[in-house]
Amino acid sequence: MRILVINGPNLNMLGVREKSIYGTKTLDEINEEITQFCIGHGIDADFFQNNSEGAIIDAIHGAINIYDGIVINAGAYTHYSIAIADAIKCIDIPVVEVHMSNVHSREEYRHKSVIGSGCCGVIAGFGDYSYILGIMAVMHMPENR
Ligand code: DQA
């Protein structure tokens, strides 16, 4: 099984940005932990991070016929990018939306996800472990069992 982990804007700044919310691990450190989990479960994981909406859309389109699932933390785009929502709806691959923080206990503008409508489900609030939970969710999708 191949899984693509997509991170959107400002997630390249993990370890530096708002540590009380996102913790102290860098994105590279988190990706290494995800890689170790995936190796243990026979999954091939690739990682993509970009701060631009268009690059994220291209990565989603590019996943067709390559990946069995996508785990995406679209950062702030989650809350307003109809273009990323449409890109997710273009592809026939299970997509799981993840957030490190519990977006529902934060500012009201973070409560709404526009990308969620194209996703199988949402995981939020478990820090860097949200990504592992997202991968487990992809593994357990009926088409991947
Ligand atoms: C986030 C939550 C978003 O609201 C925020 O804009 C982010 C990170 C999270 O992982 O908790 O950049 O997606």
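Everything quoted here is computed from the prediction, not taken from an experiment. (Residues numbered from 1 in each chain as written. Predicted model: local features only at pLDDT ≥ 70, side-chain atom pairs only at ≥ 80, totals over all residues. Heavy atoms only, no water.)

*Asks:* In this structure, what is going on with the site of the ligand? I would like to understand it.
*Replies:* Neighbouring the ligand are the residues R17, Y22, N73, G75, A76, H79, H99, M100, S101, V103, R106 and R110. Between an oxygen atom of the ligand and a side-chain N or O atom of N73, the distance comes to 2.7 Å. For the ligand, the accessible surface in isolation is 320 Å², of which the surrounding protein chains cover 98%. The residue inventory of the shell around the ligand, partitioned by class, reads four nonpolar, five polar and three charged. (Near = heavy atom within 4 Å. Polar contact = N/O pair within 3.5 Å; in protein donor to acceptor, adjacent residues only side chain to side chain. Areas by Shrake-Rupley, 256 points an atom, 1.4 Å probe, with all protein chains shown as cover. Nonpolar A, V, L, I, M, F, W, Y, C, P; charged D, E, K, R; others polar.)

*Asks:* So what exactly am I meant to see when it comes to helix α4 (residues 82-90) here?
*Replies:* Spacing of three or four residues puts side chains on the same side of an α-helix, whose turn is 3.6 residues. Within the span of α4, buried status applies to I84, A85, A87 and I88. Looking straight down α4, one finds its buried side chains confined to an arc of 160 degrees; they lie on one side. Residues of α4 that are exposed and point more than 90 degrees away from the buried face comprise I82 and C90. (Buried < 20%, exposed > 50% of the residue type's maximum accessible area, 1.4 Å probe, protein only. Helix = DSSP H or I, 4+ residues; strand = E, 2+ residues; numbered from the N terminus. Arc of directions from axis to C-beta.)

*Asks:* I would appreciate a short explanation of the state of the cysteines in the present structure.
*Replies:* Structurally, a disulfide amounts to a covalent bond that connects the sulfur atoms of two cysteines. Counted under the stated rule, the structure contains zero disulfides. In this structure C120 is a free cysteine whose sulfur lies 6.9 Å from that of C119, the closest cysteine sulfur available. Taking relative accessible area as the criterion, C120 reaches 39% and is therefore assigned partly exposed. (Disulfide = S-S within 2.5 Å.)

*Asks:* Would you take a moment to explain the pattern of salt bridges for this structure?
*Replies:* Close approach of charged atoms lets side chains of opposite charge pair. Scanning the entire structure with this criterion turns up six salt bridges. Close ionic contact of E33 with K25 constitutes a salt bridge, the shortest N to O distance being 3.1 Å. Where K25 meets D128, a salt bridge forms, and the shortest distance between an N and an O atom there is 3.2 Å. Of this pair, K25 sits in the loop between α1 (19-22) and α2 (27-40) while D128 sits in the loop between β5 (121-124) and α5 (129-139), and the two are 103 residues apart along the sequence. (Salt bridge = Lys/Arg side-chain N within 4 Å of Asp/Glu carboxyl O.)

*Asks:* Even after reading the chapter, I still don't get the sheet that holds strand β2 (residues 44-49), so can you show me in this structure?
*Replies:* Hydrogen bonds along the backbone pair up the strands of a sheet, which may run parallel or antiparallel. Within the open sheet, the five strands sit side by side as β2-β1-β3-β4-β5. Their pairing is parallel. Only two strands of the sheet have a single neighbouring strand rather than two, namely β2 and β5. For this sheet the average axis-to-axis angle between neighbouring strands, irrespective of direction, equals 20 degrees. As judged from the six bridges shared by strand β1 (residues 2-7) and β2, these two strands associate in the parallel manner. Of the residues in β2, the one forming a bridge with N7 is Q49. Lying over the sheet, helix α3 (residues 53-62) contacts β1, β2 and β3 (69-73), oriented at roughly 170 degrees with respect to β1. (Pairing = 2+ DSSP bridges. Axes fitted to C-alpha atoms, helices over the stretch in contact; angles between N-to-C directions. Contact = heavy atoms within 4.5 Å.)

*Asks:* Just checking my understanding: could you explain the packing of α2 against α5 for this structure?
*Replies:* Where α2 meets α5, the axes come as close as 10 Å, and the angle between the chain directions of the two elements is 35 degrees. As α2 packs across α5, the resulting crossing turns out to be right-handed. Along the contact surface, α2 presents I30, E33, I34, F37 and C38, while α5 presents Y131, I132, I135, M136 and M139. Of the residues in the contact of α2 with α5, the class split is nine nonpolar, no polar and one charged. (Left-handed = near helix turned anticlockwise from the far one by under 90°.)

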